[in-house]
Amino acid sequence: MVSSEQRRRQLAREKYERQQNNRVEAAAKAKRRNAIVGAALAVVVLAGGGAWAGGAFKSDAKKTDAQSAPSQSATAPAASPVAVKGCSTPAAGSPNGKQWKTEPAMSVDTNAKYDVTLNTSCGAVNLELDPSKAPHTVNSFVFLAGQNYFDHTKCHRLTTQGIYVLQCGDPTGSGSGTPGYSFTDENLSGATYPAGTVAMANAGANTNGSQFFLVYKDTQLPPSYTPFGKITGGMDVLNNIANGGVQGGSGDGAPNANVVLNSVTATKA
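Residues numbered from 1 in each chain as written. Predicted model: local features only at pLDDT ≥ 70, side-chain atom pairs only at ≥ 80, totals over all residues. Heavy atoms only, no water.

Asks: Can you walk me through the overall build of the chain in this structure?
Replies: A count of helices and strands for the chain gives three helices and ten strands. Its helices and strands in sequence order give the chain the pattern α-β-β-α-β-β-β-β-β-β-α-β-β, from N to C terminus. Burial status across the chain gives 47% buried among its 269 residues. Carbon and sulfur atoms form 51% of the exposed surface of the chain, whose accessible area is close to 12,500 Å². (Helix = DSSP H or I, 4+ residues; strand = E, 2+ residues; numbered from the N terminus. Buried < 20%, exposed > 50% of the residue type's maximum accessible area, 1.4 Å probe, protein only. Areas by Shrake-Rupley, 256 points an atom, 1.4 Å probe, with all protein chains shown as cover.)

Below, the structure written as structure tokens:
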């Protein structure tokens, strides 16, 4: 016959075993959860379009996970934007959607710099492009600006966790749009992405098109995205947009701000 003391000890032992099993199971779940989060963060940056990558960032052909690099990839439909400091109703108009079969012929002066003004619905952002380091990239950007290709296009992706970028340049606003041509990567040796960097999003090596990203806070990315200029004015505009957050409350997706490039101009300095 089992004594009351033996029964008490048995119940205590069973309780201890249950607690140990619960701890092991909880640890296993946490490990799996952390592995998933780590994997998502590992793919971080904006691409030539925007996978929730285009990411910093990938473009049309390849889709990336949340908080991925700047990319050109199709994204989910965005919800209605909300009011954000400094932003107003975009100018009337729509992207012209022009397409070209081949990269434009070289026409920029590689010994000069080019000043760009992004007249956005949230304020002006000024850039300085350097064709001596990225001639094909700057040449394409200046060409597209001259064709009014960027006018009335939406900045479709904002990333506020892991990487800190605003991605623009897709006339479809989906993250998968291109000008119809692609061109080679440039200026990647030792490339870094501190605050103020302007770089191309892509869908893999040598798939640059029209999508680009603006780095508003120091960002760690692999040297896979062509840096071709720097932000010389309007960081306050970008910070307002970033502070407005991402639709749905995540760290990567369509910005709450309705950021539209009303017009883009590029001139030789």
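After that view of the structure, there is still more to cover.
Asks: Please explain empty space enclosed by the protein as it appears in this structure.
Replies: With a probe scaled to a water molecule rolled over the atoms, the places where space remains empty come into view. The computed volume of the largest cavity comes to approximately 40 Å³. Around the largest cavity, the lining residues are L118, T120, V125, C155, L166, C168, L214, V237, L238, I241, V259 and L261. Mapped onto the lining of the largest cavity, the elements with two or more residues apiece are β1 (114–120), β5 (165–168) and α3 (235–244). Broken down by element, the lining of the largest cavity gets its largest block of residues, three residues, from α3. Considered class by class, the residues forming the lining of the largest cavity number eleven nonpolar, one polar and no charged. (1 Å grid on protein atoms, 1.4 Å probe; cavity = no way out; pocket = protein on both sides within 12 Å on 5 of 7 lines; lining within 4 Å. Points joined across faces, edges and corners; volume = space filled by probe spheres on them. Nonpolar A, V, L, I, M, F, W, Y, C, P; charged D, E, K, R; others polar.)

Asks: Can you walk me through the nonpolar core in this structure?
Replies: Across soluble globular proteins, you tend to see nonpolar side chains buried next to one another. One finds L118, L127, F141, F150, F212, L214 and F228 to be the most contacted residues of the largest nonpolar core, which totals 40 residues. Within the second largest apolar cluster, ten residues are counted, among which are I163, A201, F213 and L221. (Core = buried A, V, L, I, M, F, W, Y, C linked by side-chain atoms within 4.5 Å.)

Asks: Hey, could you run me through the layout of surface pockets in this one?
Replies: By volume, the largest pocket is sized at about 320 Å³. Around the largest pocket, the lining comprises 17 residues; the ones closest to its centre are K133, N187, T197, P227 and G229. Take the lining of the largest pocket: its biggest share by element is four residues, from strand β8 (residues 227–233). For the lining of the largest pocket, the class distribution of residues is five nonpolar, seven polar and five charged.

Asks: Please clarify how the packing of aromatic side chains should be interpreted in this entry.
Replies: Any aromatic ring pair is given by two values, namely how distant the centres are and how the planes are angled relative to each other. Here the structure, examined in full by the defined rule, presents twelve aromatic pairs. Judged by centre distance (5.7 Å) and plane angle (45°), the rings of F141 and F228 are tilted. Remark: F228 occurs in strand β8 and F141 occurs in helix α2 (residues 135–146); sequence separation between them is 87 residues. With a centroid separation of 6.5 Å and an interplanar angle of 40°, the aromatic rings of Y181 and F183 are classed as tilted. Assessed through its relative accessible area of 4%, Y181 is described here as buried. Pairwise contacts between aromatic rings join W100, F141, F143, Y149, F150, F212 and F228 into one cluster. Taking NZ or CZ as reference, K217 lies 4.6 Å from the ring centre of Y164, over its face. (Phe/Tyr/Trp six-rings, centres within 6.5 Å; stacked < 30°, edge-to-face > 60°. Lys NZ or Arg CZ within 6 Å of the ring centre and 35° of its normal.)

Asks: I keep staring at α3 and nothing clicks. Help me out?
Replies: One full turn of an α-helix is made of 3.6 residues, so residues set three or four places apart face in the same direction. Among the residues making up α3, those that are buried are V237, L238, N240, I241 and A242. Buried residues in α3 make contact with β1, β2 (123–129), β4 (157–159), β5, β7 (212–215) and β8. Of the residues flanking the end of α3, it is G245, one or two places downstream, whose phi is positive at about 85°. (Contact = heavy atoms within 4.5 Å.)

Asks: Quick question: what am I supposed to make of the state of the cysteines here?
Replies: Per the counting criterion, the structure on display carries two disulfides. Residue C87 pairs covalently with C122 via a disulfide, S to S 2.0 Å. Taking the torsion about the sulfur-sulfur bond, which here is approximately 105°, the covalent link between C87 and C122 counts as right-handed. Pair noted here: C87 is in the loop between α1 (4–42) and β1 and C122 is in the loop between β1 and β2, with a separation of 35 residues, a long-range link. According to the relative accessible area criterion, C87 is partly exposed, its value standing at 23%. Residue classification places C122 among the buried positions, given a relative accessible area of 5%. Each disulfide pairs two cysteine sulfurs, and for C155 the partner residue is C168, the sulfurs being separated by 2.1 Å. Linking C155 and C168, the disulfide has an S-S dihedral of approximately 100° and is accordingly described as right-handed. Residue C155 is located in the loop between β3 (153–154) and β4, and its partner C168 is located in strand β5; the two are separated by 13 residues in the primary sequence. On the accessibility criterion, C155 (1% relative accessible area) is buried. C168 sits in the buried class, given a relative accessible area of 0%. Ordering the disulfide-forming cysteines of the chain by sequence position, one finds them joined as 1-2, 3-4. (Disulfide = S-S within 2.5 Å.)

Asks: How do you make sense of unusual backbone geometry when you look at a structure like this?
Replies: Leave glycine aside and you will find that most residues have negative phi; peptide bonds, for their part, are mostly trans. Positive phi, normally seen in glycine, also occurs at N148, with a value near 60°. Note that N148 resides in the loop between α2 and β3. Given the relative accessible area of 39%, N148 is considered partly exposed. Not every positive phi belongs to a glycine, and H152 is a case in point at roughly 70°. Residue position: H152 is located in the loop between α2 and β3.

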